[in-house]
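For reference, the chains in residue letters:
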Amino acid sequence: MTEATRSIVFRVLDRIFPKAPDFHRLLTEQALQVVHTVSLLVDFMEHADPAIAKQIKADEHAADRLKIHNLHTLNEAFSTPFDREDIYRAIMDLDEVVNYCKSTVNEMDVLGVGPDMYTTEMARLLLQGVKALATGFSLLASQPVRSADSADTGRKAERRVEKLYRKALADLFQGDDYLNMFKRREIYRHLSNAADRMAHCANTLHDIVVKAC
């Protein structure tokens, strides 16, 4: 086969059987975007700076564009390195973590609620969890066992958030300042929901590892 013929054959094969997109890289990039947003959330909880809240809102738009790009890539992919449904769930759950970060700062602004020790610690635990997810997705192709360990770290972070969430509610519903109670409960709930989505994504990461082994 001549070089020219070989080139034609390869081009035809690429059209019939296009290469699978690098979903390991795409999911890692999306997870790192989440890490960036949650890092801003921690900064906001520590300093209560309105400028940081604006950055979080801008981050949500960037994360949404990344989600749309990844979903389009998934829809157009001829084949995927692992289950399509798992990829879809990971994309959506990562995006929901960012959405809850935005909802948290939005409602803190609207309700006139500032950070407290519970919101700050919950944000820090959430950051630990999403960092573990980013590590897990980055190792998925080369070191799947370590990816599973990262998924477990993410789930443990979520359990710690939930434990803190319950403690926050128990402390909150003391006294008779009912308006403050209901305002803060909404903020705590957003952070708890963000952690729940993080745990869903960790479960998906673990499922991918189990199916691959």
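Thresholds applied
All residue numbers here refer to positions counted from 1 along the written sequence of the relevant chain. Reporting of local features is limited, given that this is a predicted model, to residues whose pLDDT is at least 70; pairs of side-chain atoms are given and counted only at 80 or more, and all residues count toward the totals for whole chains, interfaces and linings. By convention in this description, side-chain values take in all heavy atoms of the structure and omit both hydrogens and water. Remark: nonpolar core denotes a set of buried residues (Ala, Val, Leu, Ile, Met, Phe, Trp, Tyr, Cys) joined through side-chain atoms within 4.5 Å. Relative accessible area decides the class of each residue, using a 1.4 Å probe on protein chains only: under 20% of the type maximum gives buried, over 50% gives exposed, and in between gives partly exposed. The contact definition used throughout considers only heavy atoms, calling two residues in contact when any of these lie within 4.5 Å. The helix and strand labels rest on DSSP assignments: H or I over at least four residues marks a helix, E over at least two residues marks a strand, and numbering proceeds from the N terminus. Only residues above 30% relative accessible area that lack a salt bridge enter a patch, with like-charged residues linked at up to 9 Å and the nonpolar side chains Val, Leu, Ile, Met, Phe, Trp and Tyr linked at up to 5 Å. Accessible areas in this description were obtained via Shrake-Rupley with a 1.4 Å probe; residue shielding takes into account the shown protein chains only. Take a side-chain nitrogen of Lys or Arg and a carboxyl oxygen of Asp or Glu: if they are within 4 Å of each other, that pair is a salt bridge. Here an angle of 0 to 180 degrees is reported between the N-to-C directions of two axes, which are lines fitted to C-alpha atoms, with helices fitted over the stretch in contact. Roughly parallel means an angle under 35 degrees; roughly antiparallel, over 145; roughly perpendicular, 65 to 115; everything else is oblique. By the definition used in this description, the sense in which the near helix is turned from the far one sets the handedness, with an anticlockwise turn below a right angle giving left-handed and a clockwise turn giving right-handed. Each residue is assigned to one of three groups, with Ala, Val, Leu, Ile, Met, Phe, Trp, Tyr, Cys and Pro labelled nonpolar, Asp, Glu, Lys and Arg labelled charged, and all others, Gly among them, labelled polar. For the purposes of this analysis, a disulfide is any pair of cysteine sulfur atoms at a distance within 2.5 Å. The span expected for a helix works out to 1.5 Å for each residue beyond the first. Predictor confidence is given residue by residue as pLDDT, running from a minimum of 0 to a maximum of 100.

To continue, consider the nonpolar core. Judged by nonpolar contacts, the single largest core of 63 residues is most densely connected at Leu41 and Phe137. Beyond its immediate chain neighbours, meaning those up to four positions away, Phe137 contacts His24, Leu27, Thr28, Ala31, Ala90, Leu94, Cys201 and Leu205.

Following the sequence through the fold, Thr119 ends up in helix H5 (residues 117-139). Thr119 has contacts with Met45, Ile187, Tyr188 and Leu191, leaving out every residue within four places of it along the chain.

On the surface, a nonpolar cluster with roughly 320 Å² of combined accessible area is contributed by Phe173, Tyr178 and Phe182. Inspection of the secondary structure assignment puts Phe173 in the loop between helix H6 (144-172) and helix H7 (178-212).

For the pair H6 and H7, interaxial distance at closest approach is 8 Å and the crossing angle is 165 degrees. In terms of axis orientation, H6 runs roughly antiparallel to H7. Crossing geometry of H6 relative to H7 is assigned as left-handed. Its residues assigned to classes, the contact of H6 with H7 comprises 18 nonpolar, six polar and seven charged.

You can call Phe173 partly exposed: its relative accessible area is 37%. Measuring from C-alpha to C-alpha, the distance between Phe173 and Arg185 comes to 9.3 Å, with twelve residues separating the pair along the chain. Those residues in contact with Phe173, other than ones at most four positions away along the chain, are Met181 and Arg185.

For the structure on display, the rule yields 15 salt bridges. As a salt-bridge pair, Lys67 and Asp64 come within 3.1 Å of each other at their nearest N and O atoms. In this pair, Lys67 and Asp64 are both assigned in helix H3 (residues 50-76), three residues apart and thus about one turn of the helix distant. Judged by its relative accessible area of 25%, Asp64 is partly exposed.

Turning next to the state of the cysteines. If you walk through the whole model with that rule in mind, you get zero disulfides. Here Cys101 stays free of any disulfide, with the sulfur of Cys201 as its closest cysteine sulfur at 13 Å. Its relative accessible area of 1% is what places Cys101 among the buried residues. Classification of Cys201 as buried rests on a relative accessible area of 1%.

Relative to the elements of secondary structure, Ala20 occurs in the loop between helix H1 (3-16) and helix H2 (23-47). What makes Ala20 partly exposed here is its relative accessible area of 39%. Considered as a pair, Ala20 and Pro81 are 61 residues apart in the sequence and their alpha carbons are 7.2 Å apart.

The next subject is the side chain of Gln30. Among the secondary structure elements, Gln30 is positioned in helix H2. Here Gln30 falls in the buried class, since its relative accessible area comes to 3%. The contacts of Gln30, once residues within four sequence positions are left out, are Leu66, Lys67, Asn70, Ile91, Leu94 and Asp95.

For helix H4 (residues 84-111), spanning 28 residues, the distance from its first C-alpha to its last is 40 Å, which sits close to the expected 40 Å at 1.5 Å a residue. Immediately beyond the C-terminal end of H4, within one or two residues, lies Gly112, with a positive phi of roughly 70 degrees.

What follows concerns the confidence of the model for the protein. Residues at a pLDDT of 70 or more form 91% of the protein, whose mean pLDDT is 91. Ranking the helices and strands of the protein by mean pLDDT puts H5 first, with 98, and H1 last, with 47. Scored below 50 in pLDDT, residues 4-10 makes two contacts in the model with residues more than four places away or belonging to other chains.

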